[in-house]
Amino acid sequence: MYVPETLMAPLQELAREYAKARRERKFRQELEYYLRDYVGRPTPLYFAERLTRELAGPKIYLKREDLLHTGAHKINNAIGQVLLAKRMGKRRIIAETGAGQHGVATATVAAMFGMECVVYMGEVDMARQALNVYRMRLLGAEVRGVDAGQKTLKEAISEAMRDWVTNVRSTHYILGSVLGAHPYPMMVRDFQSVIGREARRQFLAKEKRLPDALVACVGGGSNSIGLFHAFLKDKKVRMIGVEGGGRGIKPGQHAARFQKGGSLGVLQGTRTFVLQDRDGQIMLTHSVSAGLDYAAVGPEHSYLRDLKRIEYSFATDSEALAAFQFCSRAEGIIPALESAHAIAYVMKNARQFGKRSAIIINLSGRGDKDVTQVAELLKL
């Protein structure tokens, strides 16, 4: 917990409350009810026949988190945390968002439970994710633009933390990824681990064995750790996290924390790998995908990377845009730009897996939110 002293007490309260809730059958049943009847779980594990044939590599399965209510995996965590907020008597919800999907998910659950909601979003991200800004406002949330720094996710998190410090007695901060101070990385991982538990059961039912590899994009890392967590003890299952390679691995041009420029540091409440210079100053980042455009990665990812349990690679903007189009045309599924990075990795490395292999790509969200941005970039 690398936070101001004013946040230590609420974080400790949250840790205690979560420790109690996760052991209670009633809480688990309530969470399962909303995930099933409101969110739309379980999501399908879909055999992508045309992707498989076109790439001439492994059998490719897509875990269809894009089919969830609000269009991405973010709702899994938002539901869990709003139930905790209700237990703790909090009536005001705040959140940060980059791609807008977490903001939409938070605005959705706040509306469902009749809570006040404020979402912080960098002005650059508001421009490239205008559809999600409108969705949040339609759901009753106040979207506050942040014009400091790069005007993206890092600055949105900073503003949300300032708000929480000021209003901590009445407010719960629904942090959207496996970032921040304890218990957030653990808590968000647990709420997202439903992805991997489902995928494991579904793959065993279809193939009568475990997959050879799992591939998922990594921004903060919630969708990827959600998929990977259920397979961590299965040593023969490769796990590959794909970061935002931006315009290439050059200072200020990417958001790949495990590549050049990344080192151990502290940012916004957690100690993990951060893109920083030799003096510890946070470097500029860039990704075509707003959800991957962040200078730090979840601390559990850093731990598992040091253990060599998970491999980390990257896909560039141009590779992700190519994958965005390829998946749309080959499968009739428009992926989020974040998820397109995972597809891009498989497109680039399909032959290394071999035709007898079978892999799961986590399709963490749908691409409706990105269509206008992609059309402008590609001059469609």
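Before reading on, note that the structure itself is shown above.
### Quick look at the overall build of the chain
For step 1, the next point in the chain: If you tally the helices and strands in the chain, you get 15 helices and 12 strands.
For step 2, the next point in the chain: For 380 residues, the compact-globule estimate of 2.2 N^0.38 gives 21 Å, and the chain sits close to it at 19 Å.
For step 3, the next point in the chain: Dimensions of the chain along its principal axes, counting C-alpha atoms only, are 55 × 45 × 40 Å.
For step 4, the next point in the chain: The buried share of the chain, reckoned over its 380 residues, is 61%.
For step 5, the next point in the chain: Contacts in the chain between residues at least 24 apart in sequence constitute 74% of all its contacts with a sequence separation of at least 6.
For step 6, the next point in the chain: For the chain, the computed accessible surface area is about 15,300 Å², with 51% contributed by carbon and sulfur atoms.

### Re the nonpolar core
As a rule of thumb, nonpolar side chains are buried together in soluble globular proteins.
For step 1, the next point in the chain: Formed by 62 residues in total, the largest nonpolar core has its most connected members in I79, L84, M136, W164, Y173 and Y184.
For step 2, the next point in the chain: Of the residues forming this core, the biggest block, seven residues, is contributed by helix α4 (residues 74-87).
For step 3, the next point in the chain: Excluding its chain neighbours within four sequence positions, the residues that come into contact with L84 are L14, E17, Y18, A21, F27, M187 and F191.

### Overview of the pattern of salt bridges
For step 1, the next point in the chain: Applying the stated criterion to the full structure yields 31 salt bridges.
For step 2, the next point in the chain: Note that R36 and D37 form a salt bridge whose closest N and O atoms lie 2.9 Å from each other.
For step 3, the next point in the chain: Residue D37 is classed as partly exposed on the basis of its relative accessible area of 48%.
For step 4, the next point in the chain: Salt bridges sharing common partners tie together R92, E116, E142, R144 and D163.

### Regarding the sheet that holds strand β5 (residues 142-146)
For step 1, the next point in the chain: Within the open sheet, the four strands sit side by side as β5-β4-β3-β6. Their pairing is parallel. The sheet is open, and its two borders are formed by β5 and β6 (171-173), each paired with just one other strand. Ignoring which end each strand starts from, the neighbouring axes of this sheet average 25° apart.
For step 2, the next point in the chain: One ladder, built from five bridges, connects strand β4 (residues 116-122) with β5; its direction is parallel. From the neighbouring strand, V118 faces β5, where its bridge partner is E142.
For step 3, the next point in the chain: Docked against the sheet, helix α5 (residues 101-113) engages β3 (92-97) and β4, running at close to 165° with respect to β3.

### Let's talk about the sheet that holds strand β12 (residues 358-363)
For step 1, the next point in the chain: Strand order across the open sheet formed by six strands is β1-β2-β12-β7-β8-β11, with mixed pairing between neighbours. Looking at the sheet topology across the chains shown, the edges are occupied by β1 (45-47) and β11 (311-316). Across the sheet, the mean angle separating the axes of adjacent strands is 30° when strand polarity is ignored.
For step 2, the next point in the chain: Both strand β7 (residues 213-217) and strand β8 (residues 238-246) contribute to a ladder of five bridges, which runs parallel. Across the sheet, the residue bridging to C217 is V242, located in β8.
For step 3, the next point in the chain: Its contacts with the sheet place helix α13 (residues 317-331) against β1, β8 and β11, and it is angled at close to 85° to β11.
For step 4, the next point in the chain: Contacting β2 (59-64), β7, β8, β11 and β12, helix α14 (residues 337-353) runs over the sheet at an angle of about 120° to β8.

### Considering the environment of E116
For step 1, the next point in the chain: When you line up the elements, E116 lands in strand β4.
For step 2, the next point in the chain: When the C-alpha positions of E116 and R92 are compared, they lie 4.7 Å apart, and in sequence the two are 24 residues distant.
For step 3, the next point in the chain: Ignoring sequence-local partners within four residues, the contact set of E116 consists of R91, R92 and I93.

### Structural notes on the pairing of β7
For step 1, the next point in the chain: For β7, the tally of buried residues reaches five of five residues, placing the bulk of the element in the interior.
For step 2, the next point in the chain: In β7, alternate side chains face the same way, and those of A213, V215 and C217 on one face and L214 and A216 on the other are all buried.
For step 3, the next point in the chain: Crossover β7 to β8 through helix α11 (residues 222-228) is right-handed.
For step 4, the next point in the chain: Of the pairings in the sheet, the one linking β7 to β12 comprises three bridges and is parallel in character. Residue V215 lies in a different strand from β12, and its bridge partner there is I361.

### Considering the side chain of T43
For step 1, the next point in the chain: Inspection of the secondary structure assignment puts T43 in the loop between α2 (25-39) and β1.
For step 2, the next point in the chain: Given the relative accessible area of 2%, T43 is considered buried.
For step 3, the next point in the chain: T43 has contacts with K63, R64, E65, L68, E198 and Q202, leaving out every residue within four places of it along the chain.

What counts, and where the lines are drawn
Residues numbered from 1 in each chain as written. Predicted model: local features only at pLDDT ≥ 70, side-chain atom pairs only at ≥ 80, totals over all residues. Heavy atoms only, no water. Helix = DSSP H or I, 4+ residues; strand = E, 2+ residues; numbered from the N terminus. Rg over C-alpha atoms; globule rule 2.2 N^0.38 Å. Buried < 20%, exposed > 50% of the residue type's maximum accessible area, 1.4 Å probe, protein only. Contact = heavy atoms within 4.5 Å. Areas by Shrake-Rupley, 256 points an atom, 1.4 Å probe, with all protein chains shown as cover. Core = buried A, V, L, I, M, F, W, Y, C linked by side-chain atoms within 4.5 Å. Salt bridge = Lys/Arg side-chain N within 4 Å of Asp/Glu carboxyl O. Pairing = 2+ DSSP bridges. Axes fitted to C-alpha atoms, helices over the stretch in contact; angles between N-to-C directions. Right-handed = clockwise from strand over helix to strand, strands pointing away.

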